[in-house]
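Summary of structural features
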Amino acid sequence: EFWGTFLFSVVECISLTSTPKSILNIYNNPLTLRLILCFNIVAASLPAVLMSLNCEYFEVVSHQIEYCNELTMSFVDTVL
């Protein structure tokens, strides 16, 4: 489940950066959008790595990080 979210974040980032439209046409502040996309990838990879290391110990923390990451994903979806 966590690796799937990470893969979705990577695909979302690739799709936004390789669109024919300029990032300036998508969002007025491209630096903010890039920072949010970078945070999205990091926040999606961290729980996946933690769960791969020790599922029982990091389960609650990984889910909490994942819930916070959903906020950034919803922001990116709202921008689009």
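Residues numbered from 1 in each chain as written. Predicted model: local features only at pLDDT ≥ 70, side-chain atom pairs only at ≥ 80, totals over all residues. Heavy atoms only, no water.

A few words now on the overall build of the protein chain. If you tally the helices and strands in the protein chain, you get four helices and zero strands. For the protein chain, the N- to C-terminal ordering of α and β elements is α-α-α-α. Projected onto its principal axes, the C-alpha coordinates of the protein chain cover approximately 45 × 20 × 15 Å. A total of 80 residues make up the protein chain; the buried ones form 34% of that total. Across the protein chain, contacts joining residues at least 24 apart in sequence account for 68% of those joining residues at least 6 apart. (Helix = DSSP H or I, 4+ residues; strand = E, 2+ residues; numbered from the N terminus. Buried < 20%, exposed > 50% of the residue type's maximum accessible area, 1.4 Å probe, protein only. Contact = heavy atoms within 4.5 Å.)

Okay, the confidence of the model for the protein chain next. Taken over all residues, the pLDDT of the protein chain has a mean of 84, while the share at 70 or more is 91%. When the elements of the protein chain are averaged for pLDDT, helix α2 (residues 23-26) gives the smallest value, 65, and helix α3 (residues 30-53) the largest, 88. (pLDDT = per-residue confidence, 0-100.)

Helix α4 (residues 55-79) packs onto α3 with a crossing angle of 160° between their chain directions and a minimal axis gap of 8 Å. Put simply, α3 runs roughly antiparallel to α4. In this structure, α3 crosses over α4, and the sense of that crossing is left-handed. Together, Ile-36, Leu-37, Phe-39, Asn-40, Ala-43, Ala-44, Leu-46, Pro-47, Leu-50, Met-51 and Leu-53 of α3 and Cys-55, Phe-58, Glu-59, Val-61, Ser-62, Ile-65, Glu-66, Asn-69, Thr-72, Met-73, Phe-75 and Val-76 of α4 make up the contact between the two elements. Each residue belonging to the contact of α3 with α4 can be placed in one class, and the counts come to 17 nonpolar, four polar and two charged. (Axes fitted to C-alpha atoms, helices over the stretch in contact; angles between N-to-C directions. Parallel < 35°, antiparallel > 145°, perpendicular 65-115°, else oblique. Left-handed = near helix turned anticlockwise from the far one by under 90°. Nonpolar A, V, L, I, M, F, W, Y, C, P; charged D, E, K, R; others polar.)

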